[in-house]
Amino acid sequence: MAASELYTKSARVWIPDVEEVWKSAELTKDYKNGDASLQLMLEDGSNLEHKLDPKTKNLPYLRNPDILVGENDLTALSYLHEPAVLHNLKVRFIDSKLIYTYCGIVLVAINPYETLPIYGTDIINAYSGQNMGDMDPHIFAVAEEAYKQMARDERNQSIIVSGESGAGKTVSAKYAMRYFATVSGSASEANVEEKVLASNPIMEAIGNAKTTRNDNSSRFGKYIEIGFDNRYRIIGANMRTYLLEKSRVVFQADEERNYHIFYQLCASSHLPEFKKLKLSNANDFVYTWQGRSPVIEGVDDTKELCSTRRAFSLLGINESYQMGLFQVLAAILHLGNVEIKDKDSDSSIIPSNNNHLTAFCELVGVTYEDMTQWLCHRKLKTATETYVKTLPRLQATNARDALAKHIYAKLFNWIVEHVNKALITNIKQHSFIGVLDIYGFETFEINSFEQFCINYANEKLQQQFNMHVFKLEQEEYMKEQIPWTLIDFYDNQPCINLIEAKMGVLDLLDEECRMPKGSDDSWAQKLYNTHLKTCSLFEKPRMSNRAFIIQHFADKVEYQCEGFLAKNKDTVNEEQIKVLKASKFDLLVELFKDEEKATSPMAPAGAGGRTRLSIKPDKSRDTSSKEHKKTVGCQFRNSLQMLMDTLNATTPHYVRCIKPNDFKQAFSFDPKRAVQQLRACGVLETIRISAAGFPSRWTYQEFFSRYRVLMKQKDVLPDKKLTCRNVLEKLVQDQDKYQFGKTKIFFRAGQVAYLEKLRADKLRAACIRIQKTIRCWLARKKYLRMRSAAITIQRFTRGYQARCLAKFMRRTQAATLIQKYQRMCVARKRYRQKQAAALAIQTILRAYMARQKYQALLRESKVVIIQKHARGLLARRWYKRCLHSIVYLQCCIRRMRARRELKKLKIEARSVEHFKKLNKGMENKIMQLQRRIDEQTKENRTVNEKLVGLESSYTTESERLRGELGRLRGVEDDAKNKGNQLTSLLEELEKLKKELSTTQQEKKTIEDWAQTYRTEMEKMVSELKDQNGSLKKEKDDLNRLIQEQSQQMTEKMARTIAAETQQLEKDLNEERSRYQNLLTEHRRLEEKHDDLKEHISKPGHRRTDSTHSSNESEYTYNSEFAESEEGSRAAEDLTRGMDTSLTLKLQKRLTELEQEKQSLRNELENKEEQFQRARARDETEFKKARGAELEYESLKRQELESENKKLKHNLAEMRKSLLGDAAASSGAPGSPAYKVLLDQLNSSCEELEVRKEEVLILRSQLVSQKEAVQHKETMTDVAVHVEDVSKLKDADELKQAYIGLKDTNRLLEHQLQTQRRSYDSEVESLRGELQNVKEENNRQQQLLAQNLQLPPEARIEASLQHEITRLTNENLELVAGDPTASREARVLILRRMVDLMEQLEKQDRNIRKLKKQLKVYSKRIGEMGAGQAEGQTSPGQMVDEPIHPVNIPRREKDFQGMLEYKKEDELKLVKNLIIELKPRGVAVNLIPGLPAYILFMCLRHADYVNDDQKVRTLLTSTINSIKKILKKRGDDFETVSFWLANTCRFLHCLKQYSGEEPFMTHNTSRQNEHCLSNFDLTEYRQVISDLAIQIYQQLIKCMENILQPMIVSAMLEHETIQGVSGVKPTGLRKRTSSIADEGTYTLDSILRQLNAFHSTMCQHGTDPELIKQVVKQQFYIIGAVTLNNLLLRKDMCSWSKGMQIRYNVSQLEEWLRDKGLMVCGAKETLEPLIQAAQLLQVKKKTDEDAEAICSMCLALTTAQIVKVLNLYTPVNEFEERVSVAFIRTIQTRLRDRCVSPQLLMDTKMIYPITFPFSPSSLALETIQIPGSLNLGFLTRV
């Protein structure tokens, strides 16, 4: 492929930059061969012309596609070079906040300078058992890989952690050891893993210090071997140390500190136990103040010392030894403060009574004089004599510092030795994993002996690293059968030879140290003379003769020769050592013992079976002999060689720690510093080796899936390998750019980027084509819409024009029509005016003529009328006189007769009989009379109306005639007296005028007064209406306020009750969870107890590990524990290595757990009681509210009854009064008195009705007000009362309220009395009914006794007769109040009696007929079987004997649902029913829960016979046997499910038949008869409940073990929707060979397994509620494991994977729907996973998107949301990454969310289990025991 194909326009490249090291740019013009420069545009938009080197013509590095940026493995990059590596690390570190990245076999770790939540136990569990390439890079992944390879390959492993100071080496090594301690556990009870971790704070305290680059820098190298047994559990550890920086004890640079332990002691000097050390502030000591930085921000030295002391104690270093160590350390500090002054130029002196020297001598136990002498003097030995020489002040000071360094080094070695002693074990070591925490390559402005040794060690490690990488590459190529070609890589063997070979730097240094007058200058000259001309790696600085330069693999380093000899010799004044050896301080003497006498932790371990490598130089020879003493360089070289031998014998794993900046800023990346370290640690060398070969590797399936778009349909063949070969040959012409292996395709650097470019171009072309088609479709659609719109507009326009024309035509026609009618109207009006005038003239004329004629007729008619009336008047006067005379005569005669009749009536009234007759039927007569009166009244009213009409007409006519007559007379009189009366008439006229005026004035005055009165009345009425309206409004407001307050109080009370209930339920669940966790801990301790028992009973044989143990019952535990103690005493001699104290601790711990368990059980019961009380309180309040309503109803009912009684009473009194009045003859029907009484009766009835309604309304309001007041008094505060009272504005309202309250109280008292009376009456009635029932019962018994003495026929008839009589009496009692109903009832009863008698007779006839047939049939049967039954028939046998077999089933024994067994058969029962029972057969062939029913029936019999020993042993044997079978087959889901179902059924049986009321409500009467009668098994129910909880936890564990391998593969890795997910290029870590591929699980695998679980539990009869809880736990495990892996796998966080997850979750929900389990809470457990999948798919750009995400992801924590966004990785170039600004926006919005900061979900969490009571409807007496159970020794009772 030519360069011009890649260096085209828009191609991106890397160019060097001074500040950023590498800068990205984009080509603005295609590159052509021969061009001298490239036209580039930088990211800031500026243009740049990049000139090419005219000699090499090397083009700049190409940039990888964006899709490859941020990969987990740097080797997955297509272009492997320095800028690509640097950019990938920067993107992951800054944008994604990921600190770990793979680079082939190396894990690159960048120090974040911030605590991250990625090292918890949940993360460890997530990485445990996973392949290294399947999870995101992590130190735990490297540790897991080492652990698995150790177990798989049976080969020791090493983890090499390197990096410069401050890069995080110590922390990485610490986390690796924590991982091993967590996942492996320990093989003994000595807590070895805790001791291994406890060594870290000790070594950090004595070996770590603050430097300018790191606050916790390790100033020594260490290699920790963690030992494992043959089952790969930690059994011990061993530590080797290298090159402790002793010079730090006496000197620290600015901003640095001494070792942490000194500052910890100074900070704790105020403690009482440290008073004797005479310490003070760290600023007071020279050795701790030189750096002027005694405090580290965020570190409490006092607390750190407490941690150090706890670690010492855990490792077996007691308090006395600890105080001794602190005493030595305090002495070193005091020694540094000893001031040495000049005595003269060649001697020095220590002032007398030096406090610090005195303190030093007291602390180390030496004399003040000896130390004063040998601190300022030195003993010299010659061949003939020995003399003492004084030392000048400078040499004396150096000697003092050398002594301090030597003491600290001895102390350091002693602590390391005792740590190793504590970590060593007597168990044979099978393998080990070593963790090397060693300094990285160092280069400073001044480099001395320490930097030289460090860089020498790094040269050796780099050589080993290069060889290992080269070896792995070679193995990969050979495995895939790729032609192997030698790769040129940097070999640093010449540099190593320069340092360690003969006549090398170290050899010349040792030689110069042996010279009597050797110096640094002479050694430098020897170096120049030996290597300057012979070795190209050795150089001499131009400006110095006391320095040299060595070209290391990472960089050139200039070393200053000053101090090399002194540091290499490491000499100490021997006389000072002798003084210390003579000390009275035992610990100090032990520090300076010879090595062969001291106990070395590196001695061969006899039990281990192998020899440990020594970490100390060989000092077997005389240390005082200088010519045989090894130098520091020689010791370091030997120990380094031993280390390399160890590493070469193991499989190494590399961790390279990078320091991102020198300012310790969190997530700040300095490219210059990062590149320096990448070059120094060998990462770039790994990249270079990979890039030299075939760095990119694809499997054939992955290549086919990724680049299927580049293939045509005809290119796709069934053989994927052949298809890939054909396609590659077409796409890449140069066959050297790729190679075909057995399983993979190998590409050279850049080829994957080229293929990605082709793929992107193809997809882009396809997208353009799709866009073209869609745009065409959209344009055509738009055109068609426009065309349709234009046609529509035209249609509407034309329609509008047509409508306008039609309108114009209509208007023209209308105008013409209007004109026509207007003209017609004018003509008609003129005609009508003329016609009217003519008619008017005619009318006037005709009227005049008619009036003339009418007046003539009228005069004639009036004359005739006057004559008529005059004649009539005369006739009427005569008639009236005659009539008056006749009437007078009649009245006289009638009065005489009435007086006679009255006398007779008075005589008759005095007799009683006449009075009775008279009063008989008075009411009916009154009613009849009333009706007659009403009828007559109506008739009279009608007649009167007619009469009034006639009278009015007659009066009118008479008045008219009189007027006419008067007029005529007046005319006549006027004619006669006209002249006489004229004057009087005039006077009278004047008088009348005056009266008229007066009357008018009075009328006007009255009208004015009436108007004024009317106005005032209207005004008053309006005011009253306004007041009434305001009062009504105020009343409505008050009522509304009362209603609102009552509603608010009700809602508040409901919310409070709901909150309290929810809190109680939450507390109850927490207590259940704690209790169940304690049960788990109890079970674990019982397992350990059983292991100890087996270990004691079987000495010398270590039992195999078992994940399940036998849990003992709490009732049998003490006796068994006593047996174990007796066994341990018997086997004490055989188990001398056994830690007896541990057994005692275990016993004590078990006792404490039992007590805690009992206390928690009591607390749980208290919580449940509180919950029940709260529920009862709620019910009571509800009943109170209901009682108030019932009270109001009863009040209303009583009012109605009282009113009814009053009305009846009034009616009775009215009737009496009417009767009395009638008797007194004061009035008769129709008389006025009678009418008045009736009117009063009607009015009183109406008044009573009105008053009754008013009373009811008033009392209902009073009751409601009373309830509201009571409600307020109980629920509201004082402010509400004040507010209500304030509304009563004056005293009248208060008075009215008080009166109303008094009335209410009286009403309530009356109501209470009424209720009490009604209650007493009801009690009396009930007592009467009870007495009647008793009498009826006695009567029935007597009748029964009488009937029993009668023959059968008479007995039946008598019983029927008695029943008829009883029914008759009851019916007569029911209808006694109504005669008509009584008669009807008698008729019905007689008919029923007749029918019954007829039925009785029919039955008698049928019985006689059947008896005859029976006799005939019996005779026939006897005749037929006579010959066969002769030998069996006795002489006296009855004839009816053949009938007996028919009656046998009726006489069968009634079973009581019990099973009897003998005491000696109990073991057989348990064995056959529990231990040897096969669940599969029982579940399929028998009823569910059969073993539980059988055990309970046996238990019932033991209770029935009152055998407490039998009950106890049966329950104990059952519990222990179930535990035993679970221990034996605890990994079998079917077995565990079977015994969970049976244990729960047994528990429910104990509850159902316990005899307790709450459990007997659903029982039948027969089941209640089967309840236990003698023993209360409540405590055993709790034990069995605990056993069920343990079985449930075992069931969950078993399910988890089955589901765990399936979840990740099925939910994340498998493509359920084919073709959605894309495959990205992967690196070396894509798949490891740690575990062989066991096959791929799919979602169908999980669904099949869930179906198997569900069907198994259903077959075993598991309770439905328990199945729901199990399913909920299953789905929680699936969701938690899936989400945890999603959060730890960057390759899974993509849009397509979100779609796959949502589809998988929908399938799980469909499974729930099919099984009817949607309401069990399982779906809610998947909510975090659903929201994570939605988060992968939603848009992630704007603030609106951020708000939507925050409102959507409520089930995810902030850490999880941010983690998913950081891990989101586009699979295709068309997807966009999530910007850092968007993630910060999300973090800002979620800042206030109060959620747990935990990243991963707890996969070990188990929901608290409850066992709801589920009674069985199965009758115990109907249970049949199959013979297959071999329980024939059981007898049904």
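Quick note: structure is the one above.
In this report, the structure presented in the accompanying data block is examined.

Quick notes on the rules
- Residues numbered from 1 in each chain as written.
- Predicted model: local features only at pLDDT ≥ 70, side-chain atom pairs only at ≥ 80, totals over all residues.
- Heavy atoms only, no water.
- Pairing = 2+ DSSP bridges.
- Helix = DSSP H or I, 4+ residues; strand = E, 2+ residues; numbered from the N terminus.
- Axes fitted to C-alpha atoms, helices over the stretch in contact; angles between N-to-C directions.
- Contact = heavy atoms within 4.5 Å.
- Core = buried A, V, L, I, M, F, W, Y, C linked by side-chain atoms within 4.5 Å.
- Buried < 20%, exposed > 50% of the residue type's maximum accessible area, 1.4 Å probe, protein only.
- Salt bridge = Lys/Arg side-chain N within 4 Å of Asp/Glu carboxyl O.
- Patch = residues over 30% accessible without salt bridge, like charges linked within 9 Å, V, L, I, M, F, W, Y side chains within 5 Å.
- Areas by Shrake-Rupley, 256 points an atom, 1.4 Å probe, with all protein chains shown as cover.
- Parallel < 35°, antiparallel > 145°, perpendicular 65-115°, else oblique.
- Left-handed = near helix turned anticlockwise from the far one by under 90°.
- Nonpolar A, V, L, I, M, F, W, Y, C, P; charged D, E, K, R; others polar.
- Polar contact = N/O pair within 3.5 Å; in protein donor to acceptor, adjacent residues only side chain to side chain.
- Phe/Tyr/Trp six-rings, centres within 6.5 Å; stacked < 30°, edge-to-face > 60°.
- Lys, Arg positive; Asp, Glu negative; His and termini not counted.
- Charge placed at Lys NZ, Arg CZ, Asp CG, Glu CD.
- Arc of directions from axis to C-beta.

A short note on the sheet that holds strand E22 (residues 696-699)
Next up, step 1: If you trace the three strands from one edge of the open sheet to the other, you get E22-E24-E23, paired in antiparallel fashion. Among the strands making up the open sheet, the edge pair consists of E22 and strand E23 (738-740). Here the average twist between neighbouring strands, direction ignored, is 20°.
Next up, step 2: Sitting on the sheet, helix H25 (residues 720-731) touches E23 and strand E24 (744-747), and the angle it makes with E23 is about 160°.

Thoughts on the nonpolar core
Next up, step 1: The biggest cluster of nonpolar side chains holds 317 residues, and the ones touching the most others in it are Phe-180 and Phe-548.
Next up, step 2: The next biggest cluster of nonpolar side chains, apart from the first, holds 33 residues, and it includes Ala-25, Phe-704, Cys-724 and Ala-753.

So, the pattern of salt bridges
Next up, step 1: What the rule picks out here adds up to 47 salt bridges.
Next up, step 2: Asp-570 is the partner of Lys-246 in a salt bridge, and the nearest nitrogen-oxygen pair spans 2.3 Å. Placement of Lys-246 in the loop between strand E12 (234-242) and helix H7 (260-267) and of Asp-570 in the loop between helix H18 (564-569) and helix H19 (574-581) is noted, with a sequence separation of 324 residues between them.
Next up, step 3: The exposure class assigned to Asp-570 is partly exposed, which follows from its relative accessible area of 24%.
Next up, step 4: A salt bridge links Arg-393 to Asp-342; the nearest nitrogen and oxygen atoms lie 3.5 Å apart. Of this pair, Arg-393 sits in helix H13 (residues 393-423) while Asp-342 sits in strand E13 (residues 341-344); the two residues are 51 residues apart in sequence, bridging distant segments of the chain.
Next up, step 5: Each member of the salt-bridge network shares a partner with another, and the members are Arg-219, Glu-245, Arg-248 and Glu-256.

Let's talk about the sheet that holds strand E19 (residues 547-551)
Next up, step 1: The sheet built from three strands is open, its strands ordered E18-E19-E20 with antiparallel pairing. The open sheet has two edge strands, strand E18 (538-539) and strand E20 (556-560), and neither has a second partner.

Describing a nonpolar patch on the surface
Next up, step 1: On the surface, Trp-1009, Tyr-1013, Met-1017, Met-1020 and Leu-1024 cluster together into a nonpolar patch covering about 550 Å² of accessible area.
Next up, step 2: Assignment of secondary structure puts Met-1020 in helix H28 (residues 922-1097).

Things to note about the packing of helix H14 (residues 449-479) against helix H15 (residues 493-500)
For any two helices packed against each other, the geometry comes down to the angle between their axes and how far apart the axes lie.
Next up, step 1: Interaxial distance between H14 and H15 falls to 10 Å at its minimum, and their mutual angle equals 140°. Regarding the angle of H14 to H15, the classification is oblique. In the crossing of H14 with H15, the sense of the turn from one axis to the other is left-handed. Taking contact as the criterion, the partners of Phe-452, Tyr-456, Glu-459, Lys-460 and Gln-463 in H14 are, on H15, Gln-493, Cys-495, Ile-496, Ile-499 and Glu-500.
Next up, step 2: Classifying every residue of the contact of H14 with H15 gives five nonpolar, two polar and three charged.

Describing the side chain of Ser-24
Next up, step 1: Here Ser-24 is to be found in strand E2 (residues 21-27).
Next up, step 2: Since its relative accessible area comes to 6%, Ser-24 is described here as buried.
Next up, step 3: In terms of polar contacts, Ser-24 uses its side chain to reach the side chain of Arg-63, at 2.7 Å.
Next up, step 4: Ser-24 has contacts with Val-13, Trp-14, Leu-42, Glu-43 and Arg-63, leaving out every residue within four places of it along the chain.

Some points on the packing of aromatic side chains
For any pair of aromatic rings, the description consists of the separation of the ring centres together with the inter-plane angle of the planes.
Next up, step 1: The tally for this structure, following the rule as stated, stands at 36 aromatic pairs.
Next up, step 2: Judged by centre distance (5.6 Å) and plane angle (25°), the ring pair of Tyr-321 and Trp-414 falls under stacked. Placement of the pair is Tyr-321 in helix H10 (residues 319-336) and Trp-414 in helix H13, with a sequence separation of 93 residues.
Next up, step 3: When its relative accessible area of 33% is taken as the criterion, Tyr-321 is described as partly exposed.
Next up, step 4: On the basis of an interplanar angle of 15° and a centroid distance of 5.7 Å, the ring pair of Phe-538 and Phe-548 is categorised as stacked. Of the two residues, Phe-538 is situated in strand E18 and Phe-548 in strand E19; the sequence distance between them amounts to ten residues.

Looking at a positive patch on the surface
Next up, step 1: Residues Arg-894, Arg-895, Arg-897, Arg-899, Arg-900, Lys-903 and Lys-904 make up a contiguous surface patch of positive charge.
Next up, step 2: Mapped onto the elements, Arg-897 comes out in helix H26 (residues 751-909).

Regarding the environment of Leu-314
Next up, step 1: Within the secondary structure, Leu-314 sits in helix H9 (residues 301-314).
Next up, step 2: Here Leu-314 falls in the partly exposed class, since its relative accessible area comes to 35%.
Next up, step 3: The spatial distance from the C-alpha of Leu-314 to the C-alpha of Ser-199 is 9.2 Å, given a sequence separation of 115 residues.

Describing the environment of Pro-671
Next up, step 1: Among the secondary structure elements, Pro-671 is positioned in helix H22 (residues 671-681).
Next up, step 2: Among the residues examined, Pro-671 registers a relative accessible area of 12% and is labelled buried.
Next up, step 3: Separated by 581 residues in the primary sequence, Pro-671 and Lys-90 place their C-alpha atoms 8.2 Å from one another.
Next up, step 4: In this structure, Pro-671 is in contact with Glu-20, Val-21 and Leu-86, ignoring residues within four places of it in sequence.

Considering the side chain of Arg-248
Next up, step 1: For Arg-248, the location among the structural elements is in the loop between E12 and H7.
Next up, step 2: For Arg-248, a relative accessible area of 4% translates into the label buried.
Next up, step 3: Within the structure, the side chain of Arg-248 is placed 3.3 Å from the side chain of Glu-245, a separation counted as a polar contact.
Next up, step 4: Look past the residues within four positions of Arg-248 in its chain and what remains in contact with it is Ala-209, Lys-210, Thr-211, Arg-219, Glu-256, Arg-257, Asn-258 and Tyr-259.

What to know about helix H49 (residues 1743-1752)
Count 3.6 residues to each turn of an α-helix, and residues three or four apart come out pointing the same way.
Next up, step 1: Along H49, the residues that are buried comprise Asp-1745, Ala-1746, Ile-1749 and Cys-1750. Axial view of H49: buried residues confined to an arc of 135°, hence all on one face.
Next up, step 2: Looking at the buried positions of H49, the neighbouring elements they touch are helix H48 (1727-1737), helix H50 (1758-1767) and helix H51 (1780-1789).

Thoughts on the pairing of strand E17 (residues 431-437)
Next up, step 1: Within E17, seven of the seven residues are buried, leaving the element largely enclosed by the surrounding structure.
Next up, step 2: Neither face of E17 is open: one carries Ser-431, Ile-433, Val-435 and Asp-437, the other Phe-432, Gly-434 and Leu-436, and all of them are buried.
Next up, step 3: Where strand E11 (residues 221-228) and E17 come together, seven bridges link them in antiparallel fashion. The residue bridging Ile-226 from the neighbouring strand is Ile-433, located in E17.

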